[in-house]
Amino acid sequence: MISFHEVHKNYSIFDRDVHALRGVTTDIARGDLTFILGVSGSGKSTLLHLAGALDRPTAGRVEFDGRDLTTLDPIERAHLRRKRIGFVFQSGNLLPQLTALDNVLIARIPSGISSSDRQRARDLLKRVGLEDRIHHRPRQLSGGEAQRVAFARAFLGQPEVVLADEPTGELDTESGQQLMTMLGELRAEEGTTVVIVTHDLSLPGPGHRILSLSDGKILSDERIGENGPTPSPKIATARPLSSEEFQT
Amino acid sequence: MNGLFRLALTNLLVRKGRSALSLMGMAVAVILIIGLISFSIGLRALIAHSMGEIQGLQVVRKGSPDPIISTLDQNLESRLNQIPGVRFVAPEVWHLPLVIENRFSYQDGVDSVVTLIGVDPAKTRSLQTAGIYLDHIQEGRFLEPQDVGRVAVLSKKIAETYKKSLGDSLLLGNESYQIIGIYHTDSVVFDRAMFTPIETVRAVRSLADGFVSTFFLEPTDPELFSDSAKLDALAQRIEASIPDIDVRTPGEVNQQASFVLQKIDTFLLIITILPLVGGALAILNTMLMSFQERVREIGILKACGWTSRDILQLVLYESTLLGVLGGLLGIGIGLLAAEALDHFFLNLDPVTPAWLLITAMGLSACIGILGGLYPAYRASRLDPIEAIQSS
Ligand SMILES: Nc1ncnc2c1ncn2[C@@H]1O[C@H](COP(=O)(O)OP(=O)(O)OP(=O)(O)O)[C@@H](O)[C@H]1O
Ligand SMILES: [Mg+2]
């Protein structure tokens, strides 16, 4: 679905270069639930942004369904994001001036909102348990509710992949758990590929993959089966370990 | 309703105070623009109305800017009459009395100034264009050939200025004139005149019998009244056949007036640019402020698949809406204010035709677009990553 080939990402602030990603090669398979772990600054968000065509790598290739994202122009990337990708960020996902329903429909505003869009938006809000919050504005919602609206929005266009960057980062443990449970259900119903950046290892349920990053590189890659951990390191990377990686 | 447009409206409504302020700014700009332009139109109409009815030719001594100081001789009349194309010639002697009703007339402003025009009643009456006075007699009558001495026909304005009615006397210098007729043309040019027999003015100014200030003449072909090119040609022919005279055509007078009007228009145009720029700056400021507050929001929109063009459109919709709504407000307030001013103070008759209102709306939209261009460009160029990382 999404594959990274020797992806590097540098940011330059003033005259200093920050190497956010240093040669990441991996594959995110269709239908997978992938967690990305790592300490602050390890490059998790950067990886997610590249996967979602929100940014371009400094070197290497990111392919989305076989298409090299680096060859797409900004308009093509915007269209890709609108039609095939859903984003959820840590907080501030919603436009404060719009109701929950309108926030879910945001991607459709420029092209025109159809009644089936509207129906689907109501449907999704219902499925995330917010049927009585449809016309509330973000400041009338709790943090957990706001994140649920954000997920409803991410799923609106039946995207192939939903990318979430620490969606529970600002929630208490219980709301976080509820959100993850809800996400699990949505994912199962919609059959969507989901990638979640998180600090919280207590969240992952069975049947998923954990990719951990350190200093811009993949530190480990484990697949957890239905019956507990089945370590399958590096399988998905389909490439021999470099000596550098071996040391870390 | 278009979704982008609705969101733009929502965004303006969310920031009510600020939107209201820039709406006011726009309104003030539009009021100024409408005010200035309708003032110009009013002035133009006033002048056109005043000039429009001068149809004949006026013969003066070469180089005289005004008939008052022009000196001609009665024997010119027959020479003028012989020129082909000239139908009728009427001599006039002009006088500008400085003391009226024992007051220095200029002292009370231009309204109190009276031009005393001595005419030959029989000849003036046979001028087609004398109709302007004959037709506008409101009280009494115009001069008749048998009128002699100090009898006068004057405008209603002069009568009002000096609080006179028909039958009263008006004192010019030491001479008292009996008012036998009052006319009202409603033209600033004609309503400054007072008519009396030509001999009377000659006597007052101690002039020789044959003295004439100006001849008023009319073409044989009435079509020339409406064809300024042909009238100009006739004027040139007369000037060519008689030395030492200038022949004024209404076109010339109009030209002078339109020259002044052009100057005024240029001046107004320059002044009009100021409120335009002011309005655009007000909108620019508003839009830049809201752009800075909404950086993250724009990042979210881009993450959701909005293109730069969508963002550009949204911001331009907002600024254009500000412009148009401000324009409407300005037009509303402007029309009310004009009514009020006209009613209570001035009698300027400001003219506000529909095209001006439409133009004002168009300009308002342009101001909005102009003021929104830069913020829209900035917003559309925003890097989504940086936008999302900003809090
Ligand atoms: N826009 C940017 N400009 C400059 N440097 C950046 C930018 N975004 C990220 N970085 C740097 O790149 C590195 C990786 O950042 P990234 O946001 O991917 O980390 P992260 O793993 O998501 O961290 P966190 O858990 O704190 O969110 C960090 O050192 C960060 O400072
Ligand atoms: Mg991050």
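Residues numbered from 1 in each chain as written. Chains lettered and ligands numbered in written order. Predicted model: local features only at pLDDT ≥ 70, side-chain atom pairs only at ≥ 80, totals over all residues. Heavy atoms only, no water.

What follows deals with the nonpolar core. Ile2(A), Phe4(A) and Trp306(B) are the most contacted members of the largest nonpolar core, which has 71 residues in total. If one sorts the elements of this core by residue count, helix α11 (residues 308–344) of chain B sits on top with seven residues. Sequence-distant contacts of Ile2(A), that is, excluding residues within four places in its chain, are made with Thr26(A), Asp27(A), Ile28(A), Ala51(A), Val62(A), Glu63(A), Phe64(A) and Val161(A). In terms of nonpolar packing, the next biggest core, distinct from the first, is built from 36 residues, Phe35(A), Leu37(A), Leu124(A) and Met182(A) among them. (Core = buried A, V, L, I, M, F, W, Y, C linked by side-chain atoms within 4.5 Å. Buried < 20%, exposed > 50% of the residue type's maximum accessible area, 1.4 Å probe, protein only. Helix = DSSP H or I, 4+ residues; strand = E, 2+ residues; numbered from the N terminus. Contact = heavy atoms within 4.5 Å.)

This paragraph deals with the domain arrangement of chain B. As assigned here, chain B comprises domain 1 (2–46 + 257–389) and domain 2 (57–248). Here the C-alpha centroids of domain 1 of chain B and domain 2 of chain B sit 52 Å apart. (Domains from an automatic or database assignment.)

Turning next to the packing of helix α4 (residues 115–127) of chain A against helix α6 (residues 173–190) of chain A. Residues and elements named next belong to chain A. With their axes 11 Å apart at the nearest point, α4 and α6 run at an angle of 135° to one another. On the basis of the axis angle, α4 is oblique to α6. Judged by residue contacts, Arg120, Leu124 and Arg127 of α4 engage Leu186, Glu189 and Glu190 from α6. For the contact of α4 with α6, the class distribution of residues is two nonpolar, no polar and four charged. (Axes fitted to C-alpha atoms, helices over the stretch in contact; angles between N-to-C directions. Parallel < 35°, antiparallel > 145°, perpendicular 65-115°, else oblique. Nonpolar A, V, L, I, M, F, W, Y, C, P; charged D, E, K, R; others polar.)

A few words now on the pairing of strand β10 (residues 175–183) of chain B. Successive residues of a regular strand alternate their side chains across the two faces of the sheet. Residue and element names in this part refer to chain B. Inspection of the sheet shows strand β7 (residues 137–140) paired to β10 by three bridges, in the antiparallel sense. Bridge assignment links Gly140 to a residue of β10, and that residue is Gly181. Taken together, the five bridges between strand β8 (residues 151–155) and β10 define a ladder with parallel strand orientation. The residue bridging Val151 from the neighbouring strand is Gln178, located in β10. Two elements, strand β9 (residues 169–172) and β10, share four bridges in a ladder whose sense is antiparallel. (Pairing = 2+ DSSP bridges.)

This part covers the packing of aromatic side chains. Applying the stated criterion across every chain, the model contains four aromatic pairs over all chains. Between Phe87(A) and Phe89(A), the ring centres sit 5.5 Å apart and the planes meet at 5°, which makes this aromatic pair stacked. Take Phe87(A) and Phe89(A): they sit in the same class, and that class is buried. A ring pair is formed by Phe5(B) and Tyr317(B), whose centres lie 6.2 Å apart and whose planes are at 75°; its orientation type is edge-to-face. Of this pair, Phe5(B) sits in helix α1 (residues 3–14) while Tyr317(B) sits in helix α11, and the two are 312 residues apart along the sequence. Under the relative-accessibility criterion, Tyr317(B) is labelled partly exposed at 28%. (Phe/Tyr/Trp six-rings, centres within 6.5 Å; stacked < 30°, edge-to-face > 60°.)

This part takes up the side chain of His208(A). Along the chain, His208(A) turns up in strand β9 (residues 208–214). Apart from the residues within four sequence positions on either side, His208(A) is in contact with Leu33(A), Phe35(A), Glu222(A), Arg223(A) and Ile224(A).

Residue and element names in this part refer to chain A. Inspection of the entire model under this criterion finds 29 salt bridges over all chains. We note a salt bridge from Arg84 to Glu160, for which the minimum N-O separation is 2.6 Å. One end of the pair, Arg84, is in helix α2 (residues 74–84); the other, Glu160, is in the loop between α5 (143–155) and β7 (161–165), with 76 residues separating them in the sequence. Each member of the salt-bridge network shares a partner with another, and the members are Arg120, Asp123, Arg127, Glu189 and Glu190. (Salt bridge = Lys/Arg side-chain N within 4 Å of Asp/Glu carboxyl O.)

This part is about a nonpolar patch on the surface. A contiguous nonpolar surface patch, about 350 Å² in accessible area, is contributed by Leu98(B), Val99(B), Phe104(B) and Tyr106(B). Judged by relative accessible area, which is 44%, Leu98(B) ranks as partly exposed. (Patch = residues over 30% accessible without salt bridge, like charges linked within 9 Å, V, L, I, M, F, W, Y side chains within 5 Å. Areas by Shrake-Rupley, 256 points an atom, 1.4 Å probe, with all protein chains shown as cover.)

Quick look at the environment of Thr249(B) now. Residues and elements named next belong to chain B. As for its placement among the helices and strands, Thr249 is situated in the loop between β14 (245–248) and α9 (250–293). It is 5.0 Å that separates the C-alpha atoms of Thr249 and Leu57, two residues lying 192 residues apart in sequence. Thr249 has contacts with Leu57, Leu231, Asp232 and Ala235, leaving out every residue within four places of it along the chain. There is a polar contact of 3.1 Å between the side chain of Thr249 and the side chain of Asp232. (Polar contact = N/O pair within 3.5 Å; in protein donor to acceptor, adjacent residues only side chain to side chain.)

In this model, Glu101(B) sits at a positive phi of 50°, which is unusual for a non-glycine residue. Mapped onto the secondary structure, Glu101(B) falls in the loop between β4 (99–100) and β5 (103–104).

At the junction of the two partners, chain A supplies 24 residues and chain B supplies 21 residues. Buried area between chain A and chain B, both sides added, is near 2000 Å², and the carbon and sulfur share of it is 66%. Here chain A and chain B share one salt bridge between them. Counting the contacts that link chain A with chain B gives seven residue pairs in polar contact (both at pLDDT 80 or more). Here the side of chain A that touches chain B takes five residues from α2(A), the largest share from any one element. In the side of chain A that touches chain B, the residues fall into 13 nonpolar, six polar and five charged. (Buried area = accessible area lost by both parts, 1.4 Å probe.)

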